[in-house]
Every structure is written in structure tokens, then in C-alpha cells.
Amino acid sequence: MSSFASSFWSADYAAGLGVLFAKLKQGVQENEQLMTVARMRADAEDSYGQKLGDIEAATNRIEGGFQRDDGASTKKAYEGVRSEMNEASRNHRKIASNIRELVVNPFSRWCDQHAARIQNSQDDLHGRIKAYDRQAETVRQYKNAYFNKCRRVEDLEEEEKLAFKDPNSVAAAAVGSPKLSPASVPSIKVEEEVDEPEPIEIGDETYQPEQVKKILTHALDNMRLGETKVPILGTYQNVTSGAEITEYIQKHMGGTTVAYAERIGQDLVSNGFLRLIGNVGSTFANSSRMNYQWRPKAFQITGIPEKRPKLIGRTTTLASVDGSAPGSPVMGDRVSEYL
């Protein structure tokens, strides 16, 4: 199930940081735009107030006029207009002062501090990302070395299984063992006990062998069986991603939730039907990046042919050192190895 922590970052952390800090710096530019509006509005209010205040001084420089009027109604109206303009001048100047004191000055300090915080955070995180990339590269090298050694161990185990028997011991056994005629060997018939397959628990259900066969047959017939290349280890056949298996389990095996579907997938891994490739461990997860190979056990139960990788034949012949001795055994065998 996706969450903020798993959805926010991209596969490349540096790219995610680039998007994040691009938006943060966009916010810094938006702050500058707001500061420009506030400064220019304060300047406009101040300039308008000053212009209104200049009207009274300009009228006072004119001699005569209303100054020589005895107090008629026209003079009173004139003085009322001048007083209102003076009051408006004081109000606009007060507005300009309030904008500078309450908005421009504190917000300007905060914007400078915010821009500095963003720049410091960007520098710090970029340094951490570089350190992380170096560590990830070191881990990748160790991982490749580990998988390479695991592959060598698997090859050694296969070679031990397919190793040739000692020619001398085979020849000695053939010469020293007495030849018995069929009549002299008593035939003893022993009834072999056939082990009945035990029920298998998958999820919250217990399935009989026939039911398991039907489930696996339907799964192998309806799921994509592709191939996946793993660095150093080679190409794996009969591979399905964890996300595809989870989707199939939810659709056909009653996996009502992702957690329960992952539990069923884990049971398939534990019972030897699946195995994780390209990663260490045997955990099943609903992930398109985690691939699982259907093991031969699943194909043996269902009877479905298994896709096998191409084989490269290598013929090796063992012979006695001195070929002059009559009857010296010449033994040969063909060893096939998976790439």
C-alpha cells in the first residue's frame, strides 16, 4: 500500500531534491513579489499624502482671495475642503507608515531568513546525497561480489552432483565382484511404501494435494511466465513479478487485502513453489521490482512443461594413462551445465 513516504521520492533522490527545492525557491520568488507590492503601495500612499499636503501650502502662497474674506459661506466651504485634504494627507501617510512597520520590515527579515534556510538545507542535503551515492556504490560492489561467490558455490554443488566416479574403483568392482547367474540370485519382492503427500497450508486454508495441483495449474496457465536477466547471475526463466502474483491472488485466491495476499505469496515461497531472485532472502512482497521464479516442484506437481535455459554441452573423456593394457576401461560422459 502506497504512502507519502513511499510515493514522495523518486528512484533518484537527487532528482526528487531538485523538484522539492525548485518549488521552495519558487516560494522565495513569490515572497519577493509580495514584498514589491507592499513597498510600492507604501510609497504610493506616502507620495499621495505628500501631494495632498502640498495643496494647502500652495494656496497659502497666493495673496488675497479668501484670506481677505470676512467669513462668508464660500470661505467656510473652502476651508472645509482644505481641512479634509489635510486630514486625508495625514491618513495616507499613516497608512504608508503602518505598511512599512507592520508588513515590509518584519516580512522582509523573515524572507531573508527563509531564503537562507532553504539554501543551507539544499547544500546540506546535496552533501548527504553525495555521501549516500558513494555508500550505495560500495554496497552494490559488495552485493555483486556476494552474488558472484554464491553463483560459484552453486556451480561447485552442481559439479559435485555431476562429478565422474573414480575409473579405478569402477574397474576394480567390475573385476573383483563374482558374476552370479540369474538363477542363483533369489528374487525378493518388497512392497514399497508410497508416501502420501501431506496437506499444505496456504493462508488461512489447508489444501489437499489435488486441490494444490488445481491451484498451481490455474496459476501457471493464467500468469505471465517471463524471463529476467540478473547481473552476473544470468537469465532466469519462468519468472513473475511480486505485483502480478499479488494481483492474481487477490482475484482468484480470495486475497481480500494486500497484506493477506502477501501472506499467501509468502506461503508459496515457504512451500517451495516460488523463490526470490536478484535479491537476498526469501521474503514475498507486492512489488513490481521483486521477481520470483516458479520452482521445478510446481511444474512437477502440475505436469506443465518447464521452460529451461539453453544448454551448452561439454564432452569429457577419461582414459587410462597407458592405453597398452588390454581391457583398460575407457570411460566417457557428457556434462551439461546451465548458463
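Everything quoted here is computed from the prediction, not taken from an experiment.

Parameters and conventions
- Residues numbered from 1 in each chain as written.
- Predicted model: local features only at pLDDT ≥ 70, side-chain atom pairs only at ≥ 80, totals over all residues.
- Heavy atoms only, no water.
- Helix = DSSP H or I, 4+ residues; strand = E, 2+ residues; numbered from the N terminus.
- Buried < 20%, exposed > 50% of the residue type's maximum accessible area, 1.4 Å probe, protein only.
- 1 Å grid on protein atoms, 1.4 Å probe; cavity = no way out; pocket = protein on both sides within 12 Å on 5 of 7 lines; lining within 4 Å.
- Points joined across faces, edges and corners; volume = space filled by probe spheres on them.
- Nonpolar A, V, L, I, M, F, W, Y, C, P; charged D, E, K, R; others polar.
- Pairing = 2+ DSSP bridges.
- Axes fitted to C-alpha atoms, helices over the stretch in contact; angles between N-to-C directions.
- Patch = residues over 30% accessible without salt bridge, like charges linked within 9 Å, V, L, I, M, F, W, Y side chains within 5 Å.
- Areas by Shrake-Rupley, 256 points an atom, 1.4 Å probe, with all protein chains shown as cover.
- Salt bridge = Lys/Arg side-chain N within 4 Å of Asp/Glu carboxyl O.
- Lys, Arg positive; Asp, Glu negative; His and termini not counted.
- Charge placed at Lys NZ, Arg CZ, Asp CG, Glu CD.

Q: Quick question: what am I supposed to make of unusual backbone geometry here?
A: Glycine aside, residues mostly have negative phi, and peptide bonds are mostly found in the trans state. Despite not being glycine, Asn-238 shows a phi value in the positive range, around 55 degrees. Residue placement: Asn-238 occurs in strand β4 (residues 234-241). The class of Asn-238 is buried, set by a relative accessible area of 1%.

Q: Explanation requested: empty space enclosed by the protein in the structure shown.
A: Remark: the empty space left among the atoms is shown by a probe the size of a water molecule rolled over them. Per the counting criterion, the structure on display carries one cavity of 30 Å³ or more. Size it by volume and the largest cavity reaches roughly 40 Å³. Lining the largest cavity we find Ile-215, Leu-216, Ala-219, Met-223, Ile-245, Tyr-248, Ile-249, Met-253, Leu-268 and Trp-294. Breaking the lining of the largest cavity down by element, the ones donating at least two residues are α5 (209-222) and α6 (242-252). For the lining of the largest cavity, the per-class residue count stands at 10 nonpolar, no polar and no charged.

Q: Would you explain the sheet that holds β4 in this entry?
A: Within a sheet, adjacent strands bond to each other through the backbone by hydrogen bonds, running parallel or antiparallel. Within the open sheet, the four strands sit side by side as β3-β4-β6-β5. Their pairing is antiparallel. Edge strands, defined here as strands with exactly one partner in the open sheet, are β3 (226-230) and β5 (274-277). With strand direction ignored, the average angle separating the axes of adjacent strands in the sheet is 60 degrees. Pairing geometry for β5 and strand β6 (residues 291-294), over four bridges, is antiparallel. Counterpart to Leu-276 in the pairing with β6 is Tyr-292.

Q: Explanation requested: the layout of surface pockets in the structure shown.
A: Computed from the structure, the second largest pocket encloses a volume of approximately 300 Å³. Taken together, 18 residues form the lining of the second largest pocket, with Glu-154, Arg-275, Leu-276, Ile-277 and Asn-279 sitting closest to its centre. Within the residue set of the lining of the second largest pocket, elements represented by two or more residues are α3 (73-161) and β5. Top element by residues in the lining of the second largest pocket is α3. It accounts for five residues.

Q: Please clarify how a negative patch on the surface should be interpreted in this entry.
A: A contiguous patch of negative charge, built from Glu-154, Asp-155, Glu-157, Glu-158, Glu-159 and Glu-160, is present on the exposed surface. Structurally, Glu-160 is set in helix α3. Given a relative accessible area of 63%, Glu-160 falls into the exposed group.

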